[in-house]
Amino acid sequence: MTLLAAVQQGDFLSATLDLSAPFEAGQWQLDNGVRCNLIARGVLTVTPPSLSVDSKDIILSSGVHGDETGPIELLQKMVKKIMLGELVPKHRLLLMIGHPQAINAHTRFIDENMNRLFAGVNEETNVDRTQANRLMEAVDDFYQNSPQPNAERWHLDLHSAIRDSAHYTFAVSPYSEKKTRGLALFNFLHHAEIEAMMLSGSASPTFSWYSAHYYGAQALTMELGRVARFGENDLQRLDAFHQAMLALVSKDALAAYDGDKEVCVYRVTRTLTKRTEGFSFTFPANQANFTYFPEGELLGSDAGETFIAAKGGESVVFPNPNVALGQRACLLVQQAEIELSDQVIAKI
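Let me begin by describing the structure that accompanies this report.

## Here we look at the environment of Trp 209
With respect to the helices and strands, Trp 209 occurs in helix H7 (residues 207–215). Residue class for Trp 209 comes out buried when judged on its relative accessible area of 8%. Along the backbone, Trp 209 and Glu 339 are 130 residues apart, and their C-alpha atoms lie at a distance of 22 Å. With residues up to four places along the chain from it excluded, the contact list for Trp 209 reads Phe 118, Ala 119, Pro 174, Tyr 175, Ala 203, Ser 204 and Tyr 214.

The structure is reproduced here in structure tokens:
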């Protein structure tokens, strides 16, 4: 069976990861009128039979970090439903399995953290940079060549955390001067039963930031559970998210949330960047995300500078003292009250 035929039968994941098979692009139409276009390895566009004035341009990406397999499995399940005719999208979709080489290697990346390579075109000195360029090209083509230039744009970049967390699921809203934190996005988080949302206050070259910054997309980096091997993910704990994602692509809009599970909102107070090899934390490297430190507590040091928990205390997210020099070693956050108008805004 060819790679293209495998995707047509719904085996998007296995076809993407079979690097021994030559890539074969192709377009086809399902019996229900849905049009599909495999434009690159792991990059598939899906267009509904017809578009309405409410149709969105939605990107769902996974596997940007190769060892974060749960979201990849969820995306594979969605593609299979579409190919079997069990799910008919109402919006244009760009579906991505981001880093096949790292996935096959069971590692986060090959040479360089790809989710820090979306500032713009990279010099292609390694596979991570080359792959990031291909993904940005696909995003550019998808948004710029939309048949509905004024369609609302969405991008959910699906990840899993590498450590325990006080919140099993959470989302990071990248910083943008555009209105990328709409009420519909917040409503989706409620339906998906996402436990927490972080509002970033500065630019960071992640994949979701790329779509927010350059295209004004309603964009989130979604952290869904913890890293595990294929077949070892507890997808039942992600069922609410999975069902919300299926509804997002197959309904004109999600109904207003009427449940009682609230999203806990945080604002990023600081980003600690590793400047020297002497960077260190006072807590273990595997400290759980959202661990709270009271005001005045020593958190770490670098190049003679000490980091002290700010007024009101701070919680640590994504702590990693082993990142490359110049990269983020952690985020520090505080819970925030929010204002809801047409956007989600943290009160200062």
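## Here's the deal with the sheet that holds strand E14 (residues 305–308)
Here 3 strands make up an open sheet; going across it, the order is E11-E13-E14 and the pairing antiparallel. A single partner strand is all that each edge strand has here, and the edge strands are strand E11 (280–281) and E14.

## A few points about the side chain of Asn 289
Looking at where Asn 289 falls in the secondary structure, it is placed in the loop between E11 and strand E12 (291–293). By relative accessible area, which is 1% here, Asn 289 ends up buried. Not counting residues up to four positions away in its chain, the partners in contact with Asn 289 are Ala 161, Arg 163, Asp 164, Ser 165, Ala 166, Phe 170, Val 316, Val 317, Phe 318 and Pro 319.

## Structural notes on helix H5 (residues 127–144)
Taking 1.5 Å as the rise per residue, H5 with 18 residues should run 26 Å; its terminal C-alpha atoms sit 26 Å apart, in good agreement. For H5, the set of buried residues is Asp 128, Gln 131, Ala 132, Asn 133, Leu 135, Met 136, Ala 138, Val 139, Asp 140, Phe 142 and Tyr 143. Backbone nitrogen of Asp 128 and a side-chain oxygen of the N-cap are separated by 3.1 Å at the start of H5; the cap is Asn 126.

The rules we used
- Residues numbered from 1 in each chain as written.
- Predicted model: local features only at pLDDT ≥ 70, side-chain atom pairs only at ≥ 80, totals over all residues.
- Heavy atoms only, no water.
- Helix = DSSP H or I, 4+ residues; strand = E, 2+ residues; numbered from the N terminus.
- Buried < 20%, exposed > 50% of the residue type's maximum accessible area, 1.4 Å probe, protein only.
- Contact = heavy atoms within 4.5 Å.
- Pairing = 2+ DSSP bridges.
- Expected span 1.5 Å × (residues − 1).
- Polar contact = N/O pair within 3.5 Å; in protein donor to acceptor, adjacent residues only side chain to side chain.

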